[in-house]
Structures are given as C-alpha cells and as structure tokens.
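Residue-level structural notes
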Amino acid sequence: KKIGGAMAVPLSKSELDFALQALRVENVRVDGRALTAYRRLGIRFGAKHGEVEVNFGPSRAFAVCSGEIVAPNANRPREGRISFHVEF
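Computed from a prediction, not measured in an experiment: that's the story for all the values here. (Residues numbered from 1 in each chain as written. Predicted model: local features only at pLDDT ≥ 70, side-chain atom pairs only at ≥ 80, totals over all residues. Heavy atoms only, no water.)

A word on the sheet that holds strand β5 (residues 59-64). In any sheet, the strands associate via hydrogen bonds between backbone groups, in a parallel or an antiparallel arrangement. With respect to topology, 3 strands assemble into an open sheet ordered β3-β4-β5, the strand pairing being antiparallel. Each having just a single partner strand, β3 (41-45) and β5 make up the two edges of the open sheet. The sheet shows a mean angle of 15 degrees between the axes of neighbouring strands, direction not considered. Two strands pair when backbone bridges link them, and strand β4 (residues 51-56) and β5 are joined in this way by 6 bridges, in the antiparallel orientation. If you follow F56 over to β5, its bridge partner there is S59. (Pairing = 2+ DSSP bridges. Helix = DSSP H or I, 4+ residues; strand = E, 2+ residues; numbered from the N terminus. Axes fitted to C-alpha atoms, helices over the stretch in contact; angles between N-to-C directions.)

So this is what it looks like as structure tokens:
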C-alpha cells in the first residue's frame, strides 16, 4: 500500500507499543528528540534559475522548476496547459 508515494510498511504490535510509550510516557520521539524539538530547516537556491535545495534535519531534497509560455491551441484559445514531471 502506498502513502504519499512511499510504500507503507505495517508495524508489529511491539514496534507500535515502543513508539507509543516513547511518545506518551517518556515525551520523546523514537529518534530521541523531545516532542517540542524541531529539525533544522535550510533552504538554498541553486546557481541556475529555478533550482532549490531544502534540508529538513538529515533529509535533503533538490528540485528544479522550469516553465515555458506557448501559444494556445487555435480551437481553444482561452485554455492553457500545465504539466508536472517528477523523477526520484
């Protein structure tokens, strides 16, 4: 089963109990951070127009955005088109 593009892996009862105990009793997340602790956020724009790198704690993502303006189809002069392409 996919959730947000990622495969969902079912947790065992012991894994679920461990996570819930950490949250409820010890007030810490499984990775050791306090419930109120946040991860450092970083945003860095690339050398080229439309490039950006986002850091959220140890996680990193790099994105490139580009656009193009073209004449609409003669049959539908008031309609446009937008498309997205994603690569992992």
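Turning our eyes to something else, we now look at the layout of surface pockets. By volume, the largest pocket amounts to about 620 Å³. Surrounding the largest pocket, 18 residues form its lining, G67, E68, R81, I82 and S83 being those nearest its centre. Of the residues contributing to the lining of the largest pocket, the split by class is 9 nonpolar, 6 polar and 3 charged. (1 Å grid on protein atoms, 1.4 Å probe; cavity = no way out; pocket = protein on both sides within 12 Å on 5 of 7 lines; lining within 4 Å. Points joined across faces, edges and corners; volume = space filled by probe spheres on them. Nonpolar A, V, L, I, M, F, W, Y, C, P; charged D, E, K, R; others polar.)

In this section: the environment of A71. Summarising the element assignment, A71 is placed in the segment after β5. Sequence separation between A71 and G57 is 14 residues; the distance between their C-alpha atoms is 43 Å.

In this section: the pattern of salt bridges. On inspection of all chains with the given rule, the structure shows 4 salt bridges. Among the charged side chains, a network of salt bridges with common partners joins R44, E53 and R60. (Salt bridge = Lys/Arg side-chain N within 4 Å of Asp/Glu carboxyl O.)

Another point: the pairing of β4. Both β3 and β4 contribute to a ladder of 5 bridges, which runs antiparallel. Note on β4: the bridge partner recorded for R44 is E53. Between β3 and β4, which pair antiparallel and follow one another directly, the connecting turn spans 5 residues, one of which, G50, has a positive phi of 95 degrees.

Turning our eyes to something else, we now look at the side chain of E51. Within the fold, E51 resides in strand β4. Buried charge without a salt bridge: E51, with K48 as the nearest opposite-charge side chain at an N-O distance of 4.8 Å. With residues up to four places along the chain from it excluded, the contact list for E51 reads F45, G46, F62, A63 and V64. (Buried < 20%, exposed > 50% of the residue type's maximum accessible area, 1.4 Å probe, protein only. Lys, Arg positive; Asp, Glu negative; His and termini not counted. Contact = heavy atoms within 4.5 Å.)

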